[in-house]
Every structure is written in C-alpha cells, then in structure tokens.
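Per-entry structural report
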Amino acid sequence: MTDTVSASTDPNVIWHQHHVDQAQRSEQKQQQPVVLWFTGLSGSGKSTIAGALEAALVAEGHHTYLLDGDNIRHGLCRDLGFSDQDRAENIRRIGEVAKLMTDAGLIVLSAFISPFRAEREMVRERLPEGQFIEVFVDTPLAVCEQRDPKGLYKKARAGEIPAFTGISSDYEPPHAPAIHLTGDQRVAEHVAVCLDVLRDRGVLRT
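Since this is a predicted model, take the numbers as computed values, not measurements.

So, the overall build of the chain
Looking only at helices and strands, the chain features eight helices and five strands. Reading the secondary structure of the chain in the N-to-C direction produces α-β-α-β-α-α-β-α-β-α-α-β-α. Relative to the globule expectation of 17 Å for 206 residues, the C-alpha radius of gyration of the chain, 17 Å, shows essentially globular dimensions. Taken over the C-alpha atoms alone, the chain extends approximately 55 × 45 × 30 Å along its principal axes. Counting over 206 residues, the chain shows a buried share of 43%. Considering only contacts within the chain whose residues lie at least 6 apart along the sequence, 76% involve residues at least 24 apart. When the accessible area of the chain is evaluated, it comes to approximately 11100 Å², of which 52% is carbon and sulfur surface.

Focus: the UniProt feature "active site" (unreviewed entry) in the chain
Feature annotation in UniProt places "active site" (unreviewed entry) on Ser 114, given in this structure's numbering. Turning to its location among the elements, Ser 114 is positioned in the loop between β3 (107-111) and α5 (117-126).

A closer look at the side chain of Thr 39
One can find Thr 39 in strand β1 (residues 34-39). Overall, Thr 39 belongs to the buried group, its relative accessible area being 0%. Thr 39 has contacts with Lys 46, Phe 112, Ile 113, Ser 114, Arg 120, Glu 134, Val 135, Phe 136, Val 137, Tyr 171 and Pro 174, leaving out every residue within four places of it along the chain.

Brief notes about the sheet that holds strand β5 (residues 179-182)
Read across the sheet, five strands follow the order β2-β3-β1-β4-β5 without closing on themselves; strand pairing throughout is parallel. Looking at which strands have only one partner, the edges of the open sheet turn out to be β2 (64-68) and β5. The sheet shows a mean angle of 15° between the axes of neighbouring strands, taken without regard to direction. Here β1 runs beside β3; their pairing, made up of five bridges, is parallel. The residue of β3 that forms the bridge with Val 35 is Val 108. With respect to the sheet, helix α8 (residues 187-200) is in contact with β1, β4 (132-138) and β5, its orientation differing from that of β5 by roughly 170°.

Here we look at the packing of helix α2 (residues 46-59) against α8
Running from N to C, α2 and α8 point in directions that differ by 60°, and their axes come no closer than 9 Å. Considering their axes alone, α2 and α8 lie oblique with respect to each other. As α2 runs across α8, the sense of the crossing is right-handed. In contact with Thr 48, Ile 49, Ala 52, Leu 53, Ala 56 and Leu 57 of α2, α8 contributes Val 187, His 190, Val 191, Cys 194, Leu 195 and Leu 198. For the contact of α2 with α8, the per-class residue count stands at 10 nonpolar, two polar and no charged.

Conventions used here
Residues numbered from 1 in each chain as written. Predicted model: local features only at pLDDT ≥ 70, side-chain atom pairs only at ≥ 80, totals over all residues. Heavy atoms only, no water. Helix = DSSP H or I, 4+ residues; strand = E, 2+ residues; numbered from the N terminus. Rg over C-alpha atoms; globule rule 2.2 N^0.38 Å. Buried < 20%, exposed > 50% of the residue type's maximum accessible area, 1.4 Å probe, protein only. Contact = heavy atoms within 4.5 Å. Areas by Shrake-Rupley, 256 points an atom, 1.4 Å probe, with all protein chains shown as cover. UniProt positions renumbered as here; feature names shortened; annotations may be inferred. Pairing = 2+ DSSP bridges. Axes fitted to C-alpha atoms, helices over the stretch in contact; angles between N-to-C directions. Parallel < 35°, antiparallel > 145°, perpendicular 65-115°, else oblique. Left-handed = near helix turned anticlockwise from the far one by under 90°. Nonpolar A, V, L, I, M, F, W, Y, C, P; charged D, E, K, R; others polar.

As structure tokens, then:
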C-alpha cells in the first residue's frame, strides 16, 4: 500500500493526524471509499455515465461526490491552460481533492479526459491500494466528433483550439482499466456494469 501522506517541501509544514480517521468515516457511511476515475476522449460520455452512476448510488443511500472537468476549471483550476504542464497540474490538484474526499469516506466519481497514463498513475499512487478504479469510456474518435456536444471538435479542426486531445494532442488509453466501457452500450448498461464491480469489490455494504 502506498504511503498516502507525503512530506511538504517546507520543513515548517507538519502533518497533523486527526482523531477521526478514514476507517471510522467509512464505517459511519457503511461503504468503502473509492475513486472511480472515468477517462476517455471529449464527447465519449464520461460525465453522462458518471452522473447516472452517482444518481443510482445516491438512490441506494450511498454517499458520493462527482468531480467534473469543466466544473473544476471554473474554480479550483481556472488559472490553468491546456499545455502539457497545465494538464498535469490540473490532474494533480484533482487527485489531491479526490484523496481528501476518500479520506472523508466518500465514493468519488471523477470525469476527466486525463489523456496521459503518467497523470492517472500519479493519482493512483496517492491513494491506498484498491481505492483507485480506472474506468475507460472507449468511444471511437469518429463517434465523439460526430456527437461534438460542445462544438469543440469543429473548433479544433478549424485550428481555433490548439493542443486538443484526439486531434492535435495525444490520448493514451489505459493498458488494463478496471472497467472497460464501449461506446455502443446504453448508459443504463454502463451503470449496471459499474455497480456490479463496486459490489464485487465490497465497496457497497448495503
């Protein structure tokens, strides 16, 4: 298991261990904390599936929080652009937020393109073993571009958006995702698959 407390670069910043820990918070909520990390191209359906899964979990009485790429960039990461360096920092910040939320005992659903394997592994390594579940929403580029819900592919093809994932910037698909969802399934089927995995892993106790 990875050590989840990393030292600050400032020697005057000392980690404070609280009396209430993750195990107690998890027991209170009757669930195991976990991060479901949805990755895939823009328009693949990540946010839609994550939102539907969260609704299903809440309906069953579970405690969740959904972190969405665009929403995060309105606040926590609004100072970042889309260079490789800024993308890495964006994911680092999200990973730290997700870690805090799992420490609170929550089931965290994270929907971000997160195009580079190294970034996703960075988040995995910050969490205790078994608390990072990579979900690959494997929708072909042609389908994503046809959907183009925000008109981003059209702008990217016109050269209006530099370094756009799938067009002018690489996407590195997971080698062995814990959950592999394909673009030809219905959202309800995706949700059912994710729920089955969570139950099989003992995340859901009730």
